[in-house]
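The lines below spell out each chain.
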Amino acid sequence: MAKQEDVFKKVISHAKEYGFIFPSSEIYDGLSAIYDYGQNGAELKNNIKQYWWKAMVQLNENIVGIDSAIFMHPTIWKASGHVDAFNDPLIDNKDSKKRFRADVLIEDYCAKIEDKENKEIEKAAKRFGDAFDKAEFVATNPRVLEYRAKREAILSRLAKSLEKEDLADVKALIEELEIADPDTGSKNWTEVRQFNLMFGTKLGASADTATDLYLRPETAQGIFVNYLNVQKTSRHKLPFGIAQIGKAFRNEIVARQFIFRMREFEQMEMQYFVAPGTELEFYENWKTKRLNWHLALGLGSENYRFHDHEKLAHYANAAADIEFNFPFGFKELEGIHSRTDFDLKAHEKFSGRKLQYFDPERNENYVPYVVETSVGLDRLFLALFSTCLKDEVLEDGSERTVLSLPPALAPVKAAILPLMKKDGLAEYAETIFNDLKYDFNLFYEEKDAIGKRYRRQDAIGTPLCITIDHDSLADNTVTIRDRDTMKQERVPVTELRRIIDEKTSFRNLLSKI
Ligand code: GAP
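Rules of the game
Residues numbered from 1 in each chain as written. Predicted model: local features only at pLDDT ≥ 70, side-chain atom pairs only at ≥ 80, totals over all residues. Heavy atoms only, no water. Buried < 20%, exposed > 50% of the residue type's maximum accessible area, 1.4 Å probe, protein only. Helix = DSSP H or I, 4+ residues; strand = E, 2+ residues; numbered from the N terminus. Contact = heavy atoms within 4.5 Å. Pairing = 2+ DSSP bridges. Axes fitted to C-alpha atoms, helices over the stretch in contact; angles between N-to-C directions. Parallel < 35°, antiparallel > 145°, perpendicular 65-115°, else oblique. Left-handed = near helix turned anticlockwise from the far one by under 90°. Nonpolar A, V, L, I, M, F, W, Y, C, P; charged D, E, K, R; others polar. Polar contact = N/O pair within 3.5 Å; in protein donor to acceptor, adjacent residues only side chain to side chain. Domains from an automatic or database assignment. Buried area = accessible area lost by both parts, 1.4 Å probe.

Draft legend 1. A look at helix H12 (residues 342-351). Among all positions of H12, only Asp 343, Leu 344, Ala 346, His 347 and Glu 348 are buried. Contacts made by the buried residues of H12 are with helix H3 (74-79), helix H9 (220-224), helix H10 (227-234), strand E10 (264-274) and strand E16 (369-376). A positive phi of about 75° marks Gly 352, the residue just after H12.

Given below as structure tokens:
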């Protein structure tokens, strides 16, 4: 088994064992691609939300946050293009009866060619050592050039066929490339069909009067339809932004890779409303700002890269993804899109209401342009969790599993651990707990040997463990243990609030952005 697969399995089992993520409806055998967050997962998720919200709303005086409803008027999805165009091309294998995204089958085929290309490069790098010039090799090596040309030709044909809605050609491409069902090897495929990803539901008591609704597939439209309400009530001039965190729902066909692609997930989206003609400058600006926000988490700059979209959606004049190196390779974590005035103009047309802004400096009315930043909360959770989860061999040869989360995001900020229950240690520890609980999320435990308790806190990422022993009763000092260095220090009880705050405050993250 590939090492990456092992890492990913460990991530999934650790998430369950330590109360971060459970399969949803597990006692009924679960529901595909739906997950529940447990006691530690909910805390971590809330902290990630806070980091995003503070960075957007608190640190930018021209960005405000809203919380719009999941149910929205169905015409919104007609205006946004989701009813007609939020589709995935699917194909069924007649033998295995399994359903696949046709474009993903072709992209996976190309990813295999790219692997071969990379292997050629790696081999050459080894062969030539320090003298290796990667750029020159890639530009001149016949085999690499051949792989690259093949890949580009396939992807360009796929993009063209999808754009023209020529699904017969997508099927033809699958057949020409002799792509087989990855599980069974069968090449017995159906035609390719379009499949809308929105979940439908009904509003109303009786079947004949009920209205068909959709569960929102993105939070962004809740921002667009409220933009004028917010602009008028906040009296912000352009440029200004509206931020929102909330659930989104997509009936994903290829729902796999744990919480990477779910059917119910959360987005953290911000629409930045700007004057026409200024959008590309703000777009570049937000690309930089959003990458810096990610980098402040300390997961390593080598784990991020931009993927600029060559083929743009009809509403965008620039778009890029921030990709992260997940346990299964680089994949999209966040999208940054310059969406022009497409959405607001469409809502003007479908609602019959004017959504124009009067610009006092230009002395004219216009529909603003929009730059959007959209990050998946669950994907960010997975990025953090999988990168921070580490198995370490200690100096004495023993092993530990540690979740080295940024301290501000850790579910529990400090564990309060009386060395033993008796001799008044538990009572003293409780006093400390009761004093600090108003400021920090704490954990109290008196059972088991202290080493075992430390290990359990390491495994959920608690930055500090505070141990109360007999000396504490005599001199009002405690031992404080650091998760990462495992160093222990004796400190006065009166210093605890300051020490925990210094270690776990959001300031530490926010000041690095
Ligand atoms: N409003 C723009 C928008 O929704 P998107 O690229 O479709 O753009 C934005 O989604 C982000 O939402 C993605 O970068 C990803 O992090 C997250 N996301 C999208 N689909 C998801 C899914 N099925 N499961 C988990 N996260 C998802």
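Draft legend 2. A look at the environment of Cys 388. Locating Cys 388 in the fold gives a position in helix H13 (residues 377-388). Here Cys 388 falls in the buried class, since its relative accessible area comes to 3%. The spacing of Cys 388 and Ser 404 is 16 residues in sequence and 4.8 Å in space, taken between C-alpha atoms. The contact partners of Cys 388, leaving out residues within four places of it in the chain, are Leu 299, Val 402, Leu 403, Ser 404, Leu 405 and Pro 406.

Draft legend 3. Layout of the sheet that holds strand E4 (residues 87-92). Read from one edge to the other, the open sheet built from 3 strands follows the order E5-E4-E6, with strand pairing classed as antiparallel. Looking at which strands have only one partner, the edges of the open sheet turn out to be strand E5 (99-101) and strand E6 (193-196). The sheet shows a mean angle of 45° between the axes of neighbouring strands, taken without regard to direction. The strands touched by helix H5 (residues 102-128) within the sheet are E4 and E5, with E5 carrying the most contacts at an inclination of about 65°.

Draft legend 4. Local environment of the packing of H5 against helix H7 (residues 142-163). Viewed as axis vectors pointing N to C, H5 and H7 meet at an angle of 165°, and their least axial separation amounts to 9 Å. With respect to their mutual orientation, H5 and H7 come out roughly antiparallel. Classified by chirality, the crossing of H7 by H5 is left-handed. Where H5 abuts H7, its residues Asp 103, Ile 106, Glu 107, Tyr 109, Cys 110, Ile 113, Glu 114, Lys 116, Glu 117, Glu 120 and Ile 121 lie against Arg 143, Val 144, Tyr 147, Arg 148, Lys 150, Arg 151, Ile 154, Leu 155, Leu 158 and Leu 162. Counted by class, the contact of H5 with H7 contains 11 nonpolar, no polar and 10 charged residues.

Draft legend 5. Broad picture of the sheet that holds strand E22 (residues 477-482). One open sheet holds the 5 strands; their spatial order is E20-E19-E21-E22-E23, and the pairing between them is mixed. Looking at strand neighbours, the two that pair on one side only are strand E20 (442-444) and strand E23 (488-492), the edges of this open sheet. Adjacent strand axes in the sheet meet at a mean angle of 25° when their direction is disregarded. Note: strand E21 (residues 464-468) against E22, 4 bridges, orientation antiparallel.

Draft legend 6. Broad picture of the packing of helix H14 (residues 425-436) against helix H17 (residues 496-504). Two numbers describe how H14 lies on H17: the axes approach to 11 Å, and their chain directions differ by 55°. On the basis of the axis angle, H14 is oblique to H17. At the point where H14 passes H17, the crossing takes the right-handed sense. Packed against H14, whose contacting residues are Ile 432, Asp 435 and Leu 436, the element H17 presents Leu 496, Arg 497 and Ile 500 at the interface.

Draft legend 7. Highlighting the environment of Glu 334. Structurally, Glu 334 is set in strand E13 (residues 329-338). Ignoring sequence-local partners within four residues, the contact set of Glu 334 consists of Arg 290, His 294, Ala 320, Asp 321, Ile 322, Thr 373, Ser 374 and Val 375. There is a polar contact of 2.7 Å between the side chain of Glu 334 and the side chain of His 294.

Draft legend 8. Structural context of the side chain of Asp 181. Examined against the element boundaries, Asp 181 turns out to sit in the loop between helix H8 (167-176) and E6. Apart from residues lying up to four places away in sequence, Asp 181 is in contact with Asn 93, Ser 96, Lys 98, Phe 100, Ser 186 and Trp 189.

Draft legend 9. Inspection of the domain arrangement of the chain at higher detail. Domain boundaries in the chain define domain 1 (39-70 + 210-393), domain 2 (87-196) and domain 3 (397-510). The straight-line distance from the C-alpha centre of domain 1 to that of domain 2 is 29 Å. Of the residues lining the interface, 6 residues belong to domain 1; the matching set on domain 2 comes to 10 residues. Note on domain 1 versus domain 2: buried area summed over both sides is about 640 Å², and carbon and sulfur give 66% of it. Of all residues in domain 1, Ile 253, Val 254 and Lys 311 bury the most surface against domain 2, accounting for 69% of the area lost on that side. Linking domain 1 to domain 2 there are 0 residue pairs in polar contact (both at pLDDT 80 or more). For the side of domain 1 that touches domain 2, the residue count by class is 2 nonpolar, 1 polar and 3 charged.

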